[in-house]
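# Descriptive structure summary
So you can see what is in the structure, the chains are spelled out below.
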Amino acid sequence: MTARRWKHRPKGSNWGDFGPDDQLGRLNLVTREKLRQGLAEAVEGIAFCLSLPLDYPGGSDLNPRRKPPILRPTLRDGQVNFNATLGPDSGSSDVLCDDLAILHLQYSTQWDALAHVGGQFDVDGDGELEHVFYNGFRAGTEIVGPSSVDDAGIGPAMRPESTSHAGALGIENMAAHGIQGRAVMIDLHAHLGDAHTHVGYDILMLILEQDKVVVEEGDMVCLHTGFAQVVLDMGRTPDPERLHNSCAVLDGRDGRLLNWITDSGLAALIADNYAVEAHPARPCERDCCSTLPLHEHCLFKNGIPLGELWHLTPLAAWLGENGRNRFLLTAPPLRLPGAVGSPVTPVATV
């Protein structure tokens, strides 16, 4: 047991199972053998980009706290460093462009790091709720951020250095792992269309049975709902009604679904929708519970990273036409130390 950070772990969690200091969670199951299994699926030599353009969905109706990326030129000697020359006396013929990006890291196609969602839990057994994350890493100790709004968001008086940092469970751990192995497609859209459907255990099991999909330990599971295609088709001017009322979402309140996620041994859970699960979730039967129960179960309790807003439709169509559901997935996030999420440009190879 990991007495150093916790005496009690949440019910249904795997804290400590991969070691007291583990920061990868179920990605530990993406082993060399799982990579070899993934490589064995890449028989046609066809690659699919699974990322939306990173300025999609457009606007901030999907999440008002996340904004589209902004590109700006850098400066060179106090001048604009874009379509720039080195000056009349340089003897150089070069024309240079150099830019920077202001990115909300979880605006578009993304990975959630394990530090993205934690919980309030009595890890010390003293009756006091602590703010903790996967494997007992703590807010204010490993996962630190400012208390002043002056040090959050974007403003004219921004400090030149970072003000938040995940000293454990940051996205760089996933990047260093590589995120390459066998993935499995579950095509919810083929059965449910664009209807806004809450998918629980019963519906999911029926689809798995009908499509003969088998999820094995260490597989990365992709859920095709069609939502990213709906977003793409709206061309950066999304209709809020369609954004919030289209396509399938997992029912995070379904305990049997959460148990299946645990028992299946899947290493990562990925969808082409906004949050993988329904948000907001169905009303909770208890007085105090998570508003994102699947995030709580996956990120906080079991160290299962979540992928959101991936563009899965062309890949799902090809797999369906060819009677397949498995492929090689390569999807490392940015190796940005301390970040709790990251844009990603995943590539599937079949």
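The structure reproduced in this document is the subject of the present report. The structure presented is a predicted model; accordingly, all values stated were derived computationally and were not measured.

## Section: the sheet that holds strand β19 (residues 326–330)
Read from one edge to the other, the open sheet built from 9 strands follows the order β1-β21-β19-β13-β15-β17-β18-β8-β20, with strand pairing classed as mixed. Edge strands, defined here as strands with exactly one partner in the open sheet, are β1 (47–49) and β20 (341–343). On average, each strand axis in the sheet is tilted by 25 degrees relative to the strand beside it, whichever way the strands run. Direction of pairing for strand β17 (residues 268–271) relative to strand β18 (residues 306–308): parallel, over a ladder of 2 bridges. Opposite Leu269, over in β18, you have Leu306 as the bridge partner.

## Concerning the state of the cysteines
In total, this model carries 1 disulfide according to the counting rule given. A sulfur-sulfur separation of 2.2 Å characterises the disulfide bridge that pairs Cys284 with Cys289. No disulfide involves Cys247; its sulfur sits 16 Å from the nearest other cysteine sulfur, which is in Cys222.

## Here we look at the nonpolar core
Formed by 41 residues in total, the largest nonpolar core has its most connected members in Ile186, Leu223, Ile261, Leu269 and Leu294. Those elements that place two or more of their residues in this core are β13 (180–187), α4 (201–211), β15 (220–224), α7 (255–264), β17 and α8 (293–301). Sequence-distant contacts of Ile261, that is, excluding residues within four places in its chain, are made with Arg26, Leu266, Leu269, Leu294, His297, Cys298 and Ile304. One finds Val30, Cys222, Trp310 and Leu312 within the second-largest nonpolar core, a separate group that totals 30 residues.

## Focus: the packing of α4 against α7
Following both chains from N to C, one finds α4 and α7 inclined at 50 degrees, their axes separated by 8 Å at the closest point. Taken together, α4 and α7 sit at an angle that is classed as oblique. Contacts between α4 and α7 involve Tyr201, Asp202, Leu204, Met205 and Leu208 from the former and Arg256, Leu257 and Trp260 from the latter. Classifying every residue of the contact of α4 with α7 by side-chain character gives 6 nonpolar, no polar and 2 charged.

## Focus: the pairing of β19
Of all 5 residues that make up β19, 4 are buried, and the element is covered over most of its length. Inspection of the sheet shows β13 paired to β19 by 5 bridges, in the antiparallel sense. Within the sheet, the bridge partner assigned to Gly181 lies in β19 and is Leu329. Pairing analysis gives 3 bridges linking β19 to strand β21 (residues 347–349), with the strands arranged antiparallel.

## Brief notes about unusual backbone geometry
A cis geometry characterises the amide bond from Tyr56 onward to Pro57, with omega recorded as 15 degrees. Relative to the assigned elements, Pro57 resides in the loop between β1 and β2 (70–73). At the junction of His279 and Pro280, the peptide bond is cis and its omega measures out at 5 degrees in the coordinates. Relative to the helices and strands, Pro280 is located in the loop between β17 and α8. With a phi close to 65 degrees, Asn135 is a non-glycine residue in the positive phi region. In this fold, Asn135 is placed in the loop between β10 (130–132) and β11 (143–144). In this structure, Arg236 takes a positive phi of about 70 degrees despite not being glycine. Tracing the sequence through the fold places Arg236 in the loop between α5 (227–233) and α6 (240–244). Judged by its relative accessible area of 41%, Arg236 is partly exposed.

## A word on the environment of Gly19
Its location among the elements puts Gly19 in the segment before α1 (32–40). Put simply, Gly19 and Leu29 are 10 residues apart on the chain and 13 Å apart in space, counted from C-alpha to C-alpha.

## A closer look at the packing of aromatic side chains
Counted according to the given criterion, the structure contains 4 aromatic pairs. Between Trp15 and Phe300, the ring centres sit 5.5 Å apart and the planes meet at 85 degrees, which makes this aromatic pair edge-to-face. One end of the pair, Trp15, is in the segment before α1; the other, Phe300, is in helix α8, with 285 residues separating them in the sequence. Residues Trp15 and Phe300 agree in their burial class; the two are buried. For the ring pair Trp111 and Trp310, a centre distance of 5.1 Å and an interplane angle of 80 degrees mean the geometry is edge-to-face. Taken together, the residues span a long stretch of sequence, with Trp111 in strand β8 (residues 110–112) and Trp310 in the loop between β18 and α9 (313–321) at a distance of 199 residues.

## Description of the pattern of salt bridges
Going through the model one piece at a time under the given rule, you end up with 14 salt bridges. Arg9 is paired through a salt bridge with Asp17; the nearest N and O atoms lie 2.9 Å apart. The exposed category is assigned to Asp17, whose relative accessible area is 52%. In this structure, Arg182 engages Glu216 in a salt bridge whose closest nitrogen and oxygen atoms are separated by 2.9 Å. With Arg182 in strand β13 and Glu216 in the loop between α4 and β15, this pair connects stretches of sequence that are 34 residues apart. Of the residues examined, Arg182 reaches a relative accessible area of 5% and is grouped as buried.

Rules used throughout
Residues numbered from 1 in each chain as written. Predicted model: local features only at pLDDT ≥ 70, side-chain atom pairs only at ≥ 80, totals over all residues. Heavy atoms only, no water. Pairing = 2+ DSSP bridges. Helix = DSSP H or I, 4+ residues; strand = E, 2+ residues; numbered from the N terminus. Axes fitted to C-alpha atoms, helices over the stretch in contact; angles between N-to-C directions. Disulfide = S-S within 2.5 Å. Core = buried A, V, L, I, M, F, W, Y, C linked by side-chain atoms within 4.5 Å. Buried < 20%, exposed > 50% of the residue type's maximum accessible area, 1.4 Å probe, protein only. Contact = heavy atoms within 4.5 Å. Parallel < 35°, antiparallel > 145°, perpendicular 65-115°, else oblique. Nonpolar A, V, L, I, M, F, W, Y, C, P; charged D, E, K, R; others polar. Phe/Tyr/Trp six-rings, centres within 6.5 Å; stacked < 30°, edge-to-face > 60°. Salt bridge = Lys/Arg side-chain N within 4 Å of Asp/Glu carboxyl O.

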